[in-house]
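Architecture and fold: a report
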Amino acid sequence: IEFARGLAVEWQYVDLAEEVLLALERKGGLSEELASELGLVKCEIYAEGARREGDPDKRDQLYSKAVDAFRQYLDQNPRSAVIGEAQRGYVDVSNQYAQSLAKRYDEAVGDEAIALREQITAVLEEALKYTSDLKDGLRGDGTEWPAEQKIEWARVMYARGQMYHTLARISDEGAFFYSQAESTLEELAARVGEKTPQGLMAYLELADVYLSQGRSQGAVDFAEFVV
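Because the structure is predicted, anything quoted here is derived from the model rather than measured. (Residues numbered from 1 in each chain as written. Predicted model: local features only at pLDDT ≥ 70, side-chain atom pairs only at ≥ 80, totals over all residues. Heavy atoms only, no water.)

Quick notes on a nonpolar patch on the surface
Together, Trp11, Tyr13 and Leu16 line one region of the surface with nonpolar side chains, adding up to about 360 Å² of accessible area. Tracing the sequence through the fold places Trp11 in the loop between helix 1 (2-9) and helix 2 (14-27). (Patch = residues over 30% accessible without salt bridge, like charges linked within 9 Å, V, L, I, M, F, W, Y side chains within 5 Å. Areas by Shrake-Rupley, 256 points an atom, 1.4 Å probe, with all protein chains shown as cover. Salt bridge = Lys/Arg side-chain N within 4 Å of Asp/Glu carboxyl O. Helix = DSSP H or I, 4+ residues; strand = E, 2+ residues; numbered from the N terminus.)

Written as structure tokens, this is what we have:
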């Protein structure tokens, strides 16, 4: 498993990493824990391969595979010992895939732009539905909120804010999605503390959200607070 992960992450030999994992899968005899880890690594190699791929077409193909693989893993392994890692992976890779597509959308015209917008919307709508339940499950009740759970909640909220920002940039309903991005990131900073690492990251993203709307002074204010 570590060899396959290294092939994908360090050398970008994603196809070869797949072969290694498939051979291991066919061999069988794995414990339940190792079989679960094997399934998750199959998702991770696509994601890591995509992050390190320089060619936009190949990168987005790998991101698409990663999103599908994570979603399938979550559906088939709800009681997995590594379910938390799988949930984080699905949220992160959906967000990153949409951002990668959005970069191409910025330069696209005509039918290509329409197709990319539909693709981005489909990826993010599904991911946002998933993170809605996930964030509610992680949210503290105001009395006891374990630090690890708090950080995971902040991570999900930050990803949601970025997803709404991406949708705002490509949608005809930009004003609505900008509003959702702002309220999500503001809630994040308020709940975990605006001077925590997670709160400062939320403010940096808010600066970008304001800048995308042409609200330059607001963007400067958020950025200056972080500095």
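Following the structure, the description resumes.
Examining helix 2
For helix 2, with 14 residues, the first-to-last C-alpha span of 20 Å sits near the 20 Å given by 1.5 Å per residue. All of the buried residues along helix 2 are Val14, Ala17 and Leu21. Buried residues of helix 2 fall within an arc of 60° about the axis and therefore sit on the same side. Turned more than 90 degrees away from the buried face of helix 2, the exposed residues are Asp15, Arg26 and Lys27. Gly28 sits one or two positions beyond helix 2 and adopts a positive phi of about 70°. (Expected span 1.5 Å × (residues − 1). Buried < 20%, exposed > 50% of the residue type's maximum accessible area, 1.4 Å probe, protein only. Arc of directions from axis to C-beta.)

Considerations on the environment of Asp221
Summarising the element assignment, Asp221 is placed in helix 10 (residues 216-226). According to the relative accessible area criterion, Asp221 is partly exposed, its value standing at 42%. Remark: the alpha-carbon pair of Asp221 and Tyr203, spanning 18 residues in sequence, is separated by 9.5 Å.

Some points on unusual backbone geometry
If a residue is not glycine, its phi is most likely negative; likewise, a peptide bond is most likely trans. Positive phi outside glycine occurs at Gln12, with the angle close to 60°. Topologically, Gln12 is positioned in the loop between helix 1 and helix 2. Under the relative-accessibility criterion, Gln12 is labelled partly exposed at 37%.

Here's the deal with the packing of helix 4 (residues 56-76) against helix 5 (residues 83-107)
Relative to each other, helix 4 and helix 5 sit at 150°, their axes nearing to 9 Å. Judged on the interaxial angle alone, helix 5 and helix 4 are roughly antiparallel. Where helix 4 crosses over helix 5, the handedness of that crossing is left-handed. Contacts between helix 4 and helix 5 involve Pro56, Asp57, Arg59, Asp60, Tyr63, Ser64, Ala66, Val67, Phe70, Arg71, Tyr73 and Leu74 on the former and, on the latter, Ile83, Ala86, Gln87, Gly89, Tyr90, Val93, Ser94, Gln96, Tyr97, Ser100, Leu101 and Arg104. Residue composition of the contact of helix 4 with helix 5, grouped by class: 13 nonpolar, 6 polar and 5 charged. (Axes fitted to C-alpha atoms, helices over the stretch in contact; angles between N-to-C directions. Parallel < 35°, antiparallel > 145°, perpendicular 65-115°, else oblique. Left-handed = near helix turned anticlockwise from the far one by under 90°. Contact = heavy atoms within 4.5 Å. Nonpolar A, V, L, I, M, F, W, Y, C, P; charged D, E, K, R; others polar.)

With respect to the packing of helix 6 (residues 110-138) against helix 7 (residues 147-170)
At a minimum axis separation of 9 Å, helix 6 and helix 7 run at an interaxial angle of 155°. Between helix 6 and helix 7, the angle is such that the two are roughly antiparallel. By crossing handedness, the relation of helix 6 to helix 7 is classed as left-handed. In this structure, helix 6 uses Arg117, Ile120, Thr121, Leu124, Ala127, Leu128, Thr131, Ser132, Leu134, Lys135, Gly137 and Leu138 to contact helix 7, whose residues at the interface are Gln149, Glu152, Trp153, Val156, Met157, Arg160, Met163, Tyr164, Thr166, Leu167 and Ile170. Within the contact of helix 6 with helix 7, the residues separate by chemical class into 13 nonpolar, 6 polar and 4 charged.

Re the environment of Arg79
Its place among the elements puts Arg79 in the loop between helix 4 and helix 5. C-alpha separation for the pair Arg79 and Ser36, spaced 43 residues apart in sequence, amounts to 9.9 Å.

Notes on the pattern of salt bridges
In total, this model carries 15 salt bridges according to the counting rule given. With a closest N to O distance of 3.6 Å, Arg88 and Glu152 form a salt bridge. On the criterion of sequence distance, the pair formed by Arg88 in helix 5 and Glu152 in helix 7 is long-range, its members being 64 residues apart. With a shortest N-O distance of 2.3 Å, Asp92 and Arg155 are connected by a salt bridge. Of this pair, Asp92 sits in helix 5 while Arg155 is found in helix 7, placing the two residues 63 residues apart along the sequence. Under the relative-accessibility criterion, Asp92 is labelled buried at 16%.

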